[in-house]
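Notes for the structure review
Chain by chain, the residues:
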Amino acid sequence: MIERLEAALRKALEEPFARVFPGKLHPLELAADLRNAARDSRVRAADGTYVANSYVIELAADDAEQLAPISQTVTAELVAHVRSYCEAEGWESGPYVTVQLEASSEVRPGEAASRGEFAPCPQSAYLQVEAGMRPGGKYYVGEQALIGRSNSCDIVIDAPEVSRRHCMVRYHYVHYVLEDAGSANGTFVNGEQVAEARLGHGDLVEIGLVQLRFFVE
């Protein structure tokens, strides 16, 4: 599995690396360091094993400067690499994985040091009304949001088909989860009734006769 992932990374990055780092730093070294950071970050929970979704690769200042012109290509390929690696291992890294390259005075030229952590929930996640209420209304979610008819809810939907405490959207390690709160009429995601379901960008949530589209900008 590692060989296949490294072959894909080598194909994408070996030539640009050879131009800026002739014989000094190789993309597979960064990838190996990144995999180690993912492995070290593992957290075992009742519903699976979660790993960091925010990574920093520290490089010597000169190396970071030389990589700057291709940094976007490098980080995009490394994000794809670490996500594929975690998926193959059965670890949950979620949809919001990031990799950043940073200069460090503590790293020697030609070497790299990676670290991973669980990033805070995306503050740009929101539910947007599509039907059943005034279209276009936005409700930002944050860390979690209780949805229902009661005024004590974070997102109030004043409709008779909606229970007082209908459902909850919360951030769980690396992704958002929607949980029904024992509602009378059920909660639906993309047309299917759910007790609990992960939410991805563009998913349609139905609560009573109200339809809300989930987005993360």
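Scroll up to find the structure.
Residues numbered from 1 in each chain as written. Predicted model: local features only at pLDDT ≥ 70, side-chain atom pairs only at ≥ 80, totals over all residues. Heavy atoms only, no water.

What follows is about the packing of aromatic side chains. With the rule as written, the count across this model stands at eight aromatic pairs. With 4.6 Å between their ring centres and 20° between their planes, Tyr-50 and Tyr-173 make a pair best called stacked. Of the two residues, Tyr-50 is situated in strand β2 (residues 48-50) and Tyr-173 in the loop between β11 (167-172) and β12 (175-180); the sequence distance between them amounts to 123 residues. Members of the aromatic cluster, connected to one another through ring pairs, are Tyr-96, Tyr-171, Tyr-176 and Phe-214. The aromatic ring of Tyr-85 is capped on one face by Arg-35, whose charged end is 5.9 Å from the ring centroid. Against the face of Tyr-126 rests Lys-138, its NZ or CZ located 4.5 Å from the ring centre. (Phe/Tyr/Trp six-rings, centres within 6.5 Å; stacked < 30°, edge-to-face > 60°. Helix = DSSP H or I, 4+ residues; strand = E, 2+ residues; numbered from the N terminus. Lys NZ or Arg CZ within 6 Å of the ring centre and 35° of its normal.)

Here the focus is the sheet that holds strand β4 (residues 91-92). In spatial order, the strands read β1-β2-β4; together these three strands make up an open sheet with mixed pairing. With partners counted over all chains shown, the strands left at the sheet margins are β1 (43-45) and β4, one partner each. For β2 and β4, the ladder comprises two bridges, and the chain directions are parallel. Bridging across to β4, Thr-49 finds its partner in Trp-91. (Pairing = 2+ DSSP bridges.)

Time to look at the environment of Pro-69. Secondary-structure assignment places Pro-69 in the loop between α3 (61-67) and α4 (71-89). Owing to a relative accessible area of 69%, Pro-69 belongs among the exposed residues under this scheme. Sequence spacing of Pro-69 and Pro-16 is 53 residues, and the spatial spacing of their C-alpha atoms is 9.9 Å. (Buried < 20%, exposed > 50% of the residue type's maximum accessible area, 1.4 Å probe, protein only.)

With that settled, consider the pattern of salt bridges. Pairs can form between side chains of opposite charge once their charged atoms are near each other. Counting across every chain of the model gives six salt bridges. Arg-108 is the salt-bridge partner of Glu-111, the closest N and O atoms lying 2.8 Å from each other. Given the relative accessible area of 56%, Arg-108 is considered exposed. Salt-bridge contacts for Glu-130 lead to Arg-213; the nearest nitrogen and oxygen are separated by 3.1 Å. Taken as a pair, Glu-130 in strand β7 (residues 125-131) and Arg-213 in strand β17 (residues 210-216) lie far apart in primary sequence, 83 residues in all. (Salt bridge = Lys/Arg side-chain N within 4 Å of Asp/Glu carboxyl O.)

Taken in spatial order, the five strands make up an open sheet running β10-β9-β11-β12-β15, and their pairing is mixed. A strand with exactly one partner marks an edge of an open sheet, and here the two such strands are β10 (155-156) and β15 (196-199). Sheet analysis places strand β9 (residues 144-148) next to β11, joined by four bridges and oriented antiparallel. In the sheet register, Ala-145 faces β11, and the bridge partner there is Val-169.

Looking now at the side chain of Ser-163. Checked against the element boundaries, Ser-163 lands in the loop between β10 and β11. Sequence-distant contacts of Ser-163, that is, excluding residues within four places in its chain, are made with Gly-148, Arg-149, Ser-183 and Ala-184. (Contact = heavy atoms within 4.5 Å.)

Under the 1.5 Å per step criterion, the end-to-end length of helix α2 (residues 27-40) is 20 Å for 14 residues, consistent within 8% with the ideal 20 Å. Residues of α2 that are buried include every one of Pro-27, Leu-28, Leu-30, Ala-31, Leu-34, Arg-35, Ala-37 and Ala-38, and no others. (Expected span 1.5 Å × (residues − 1).)

This paragraph deals with the packing of α2 against α4. Where α2 contacts α4, the axes come no closer than 10 Å and their chain directions differ by 45°. The orientation of α2 with respect to α4, classified from their angle, is oblique. As for the relative orientation of α2 and α4, their crossing is right-handed in sense. Mapping the contact onto sequence places Leu-30, Ala-31, Leu-34, Arg-35, Ala-38 and Arg-39 in α2 and Leu-78, His-81, Val-82, Tyr-85 and Cys-86 in α4. A class-by-class count of the residues in the contact of α2 with α4 yields eight nonpolar, one polar and two charged. (Axes fitted to C-alpha atoms, helices over the stretch in contact; angles between N-to-C directions. Parallel < 35°, antiparallel > 145°, perpendicular 65-115°, else oblique. Left-handed = near helix turned anticlockwise from the far one by under 90°. Nonpolar A, V, L, I, M, F, W, Y, C, P; charged D, E, K, R; others polar.)

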